[in-house]
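# A structural walkthrough
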Amino acid sequence: MSGDVLMVCSQFGCTLDFFDATTLEKLETVEGLVAQPHEMAFDAGRRLAYLAHTYRAGAYGEGKPKAHEISVIDVDARQVVDVIDLSPYEAPHDVEYDPAADLIYTGVETGDGGNGIVVLDAATRQVVANIPLRARNAHWMAITPDGAKAYVAHKEAPVVSVADLRERRQLTEIASPGGAEEIDCSPDGRFAFVATPMMSLVINVSQGQLNKATPPPGTPTPRLLKIDAATDEVVGQLDFDEYVSALRVAPDGRVVVTEFLFPSPDSPPGPVSGRVNVVDPETMTLLAAVEVDELPFTTRFSADGSTAFVANLKTGSVSVIDLTSYAVVATLDNNIGPGFGGTHGMALVPARGGH
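A short tour of the structure in this document, coming up. (Residues numbered from 1 in each chain as written. Predicted model: local features only at pLDDT ≥ 70, side-chain atom pairs only at ≥ 80, totals over all residues. Heavy atoms only, no water.)

## Quick look at the sheet that holds strand β2 (residues 15–20)
- Pairing is antiparallel in the open sheet, where 4 strands are placed in the order β3-β2-β1-β30. This sheet does not close on itself; its edge strands, each paired only once, are β3 (26–30) and β30 (343–349). Averaged over all pairs of adjacent strands, the angle between strand axes in this sheet comes to 20°, irrespective of strand direction. (Pairing = 2+ DSSP bridges. Helix = DSSP H or I, 4+ residues; strand = E, 2+ residues; numbered from the N terminus. Axes fitted to C-alpha atoms, helices over the stretch in contact; angles between N-to-C directions.)

Listed below in structure tokens is the structure:
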């Protein structure tokens, strides 16, 4: 893992930090990014990262102006080298790169430009296609390791969309009552995992507030769903106490699911720790629950899968978790201090010539 670098962006600080993934030293900070960087994908062949910008201000559902850019970052020079304008598409949230097809995929919210998945040629950085989806607001997205299919979650829409990326058409929808949050595929491509339902929240980012709201009647309990990628059917689930938001499948197949915890009405003011859950993918049982900082979100792994890096959206920090001992071994400062630190998208960049 020596020489690997962890890239971490702050959604509200509009900064991008580079940390040594071994020593955890902060190497550099790039400031002045296009507003509200969200998720990030790494292009190993070109040693570039693609960083989506979703909103000009605020968060999902706040009704604020939407962004329409993807920044291109030279990971070795540690600088932004291009900004791709997706107009008329807007609010790209998740972004994935398929090295076999040399294509960038991003999900966009419904607007004048359309919806669904926007396809970009990584060589020319031009939009080459749009895959419309029946459900509104393509938000989180995962592509299978072979690049054949995409699974897309739509926040409040009660389905997960499945798209054929080669024929560029929607295949089906998988029921996900109450909506869905992040989705990811297993490294062997056999399964997809999705966090559901959509979190019902009261959001006011400018005031540093994000609190639990009463969910609509009939909303199911928070749960992790396991989808068979061959049949696109739900084949397992694990229930949780509180909203599960973001998830990522580790190189060894373990599923890491973050859980938002909220203050009780009579609790004193102050931060509320979040929880990171590690799930056995075969048995769909809980292996460990690790306490971290407030509102844990995006998760990435060291190249050998022994370490998880979890971005804490509220706190502005990154929790570094040893996946052998299931203990937090360090906390990285991305944007600690503001009312809402906004730590969000991350990418693990292997050392040049490594792995």
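So much for the structure itself; the text now carries on.
## Observations regarding the pairing of strand β11 (residues 126–131)
- Both strand β10 (residues 114–121) and β11 contribute to a ladder of 5 bridges, which runs antiparallel. Each residue of the ladder has a partner; that of I117, found in β11, is I131.
- Turn length for the β10-β11 hairpin, with the two strands adjacent in sequence and antiparallel, is 4 residues, and the turn residue R125 shows positive phi of about 60°.

## Topic: the environment of P281
- Relative to the helices and strands, P281 is located in the loop between β24 (274–280) and β25 (285–292).
- Residue class for P281 comes out buried when judged on its relative accessible area of 15%.
- Spatially, the C-alpha atom of P281 lies 25 Å from that of L171, the residues being 110 residues apart in sequence.
- Beyond its immediate sequence surroundings of up to four residues, P281 is in contact with F193, K226, G253, R254 and V255. (Buried < 20%, exposed > 50% of the residue type's maximum accessible area, 1.4 Å probe, protein only. Contact = heavy atoms within 4.5 Å.)

## Observations regarding the packing of aromatic side chains
- Taken as a whole and assessed by the stated rule, the structure comprises 5 aromatic pairs.
- When the centroid spacing of 6.0 Å and the interplanar angle of 50° are considered together, the rings of Y50 and Y97 count as tilted. Remark: Y97 occurs in strand β8 (residues 95–98) and Y50 occurs in strand β5 (residues 48–55); sequence separation between them is 47 residues. Here Y50 matches Y97 in class, with each residue buried.
- Seen from their ring centres, F191 and F193 are 6.5 Å apart, and the 50° between their planes marks the pair as tilted. The exposure classification of F191 matches that of F193, with both residues buried.
- Three or more aromatic residues link up through ring pairs in this structure, and these residues are W140, F260 and F297.
- Here K226 stacks its cationic end above the ring of F191, 4.3 Å away from the centre of that ring.
- Over the aromatic face of F340 sits the side chain of K314, whose NZ or CZ is 5.9 Å from the ring centroid. (Phe/Tyr/Trp six-rings, centres within 6.5 Å; stacked < 30°, edge-to-face > 60°. Lys NZ or Arg CZ within 6 Å of the ring centre and 35° of its normal.)

## Some details on the state of the cysteines
- Summed over all chains, the structure comprises 0 disulfides.
- For the unlinked cysteine C14, the closest cysteine sulfur is that of C9, found at 9.1 Å. (Disulfide = S-S within 2.5 Å.)

## Examining the pairing of strand β21 (residues 233–239)
- Looking at chain direction, strand β20 (residues 223–228) and β21 are connected through 6 bridges and run antiparallel. Within β21, the position partnered with I227 by the bridge is V234.
- Counted along the chain from β20 to the antiparallel partner β21, the turn is 4 residues long, and its residue D232 has a positive phi close to 55°.

## Details of the sheet that holds strand β13 (residues 149–153)
- Taken together, the 4 strands give an open sheet; going across it, the order is β12-β13-β14-β15, and neighbouring strands pair in antiparallel fashion. Every interior strand has two partners, whereas the edge strands, β12 (141–143) and β15 (169–175), have only one. Across the sheet, the axes of successive neighbouring strands diverge by a mean angle of 20°, strand direction being ignored.
- Of the pairings in the sheet, the one linking strand β14 (residues 159–164) to β15 comprises 6 bridges and is antiparallel in character. In the strand pairing of β15, V162 is matched with T172.

## Comments concerning the pattern of salt bridges
- Applying the stated rule across the entire model yields 22 salt bridges.
- Put simply, D43 and R46 hold a salt bridge, and the shortest N to O gap is 2.9 Å.
- For D43, a relative accessible area of 1% puts it in the buried group.
- When its relative accessible area of 33% is taken as the criterion, R46 is described as partly exposed.
- Measuring nitrogen to oxygen at the nearest pair gives 3.6 Å for the salt bridge that ties D239 to R223. (Salt bridge = Lys/Arg side-chain N within 4 Å of Asp/Glu carboxyl O.)

## So, the side chain of T54
- In this fold, T54 is placed in strand β5.
- Relative accessible area serves as the criterion here: at 0%, T54 is assigned to the buried category.
- Polar contacts involving the side chain of T54 include one to the side chain of H38, which spans 3.2 Å.
- Filtering out sequence-adjacent residues up to four positions away, T54 remains in contact with Q36, H38, K66, A67, A91, P92 and H93. (Polar contact = N/O pair within 3.5 Å; in protein donor to acceptor, adjacent residues only side chain to side chain.)

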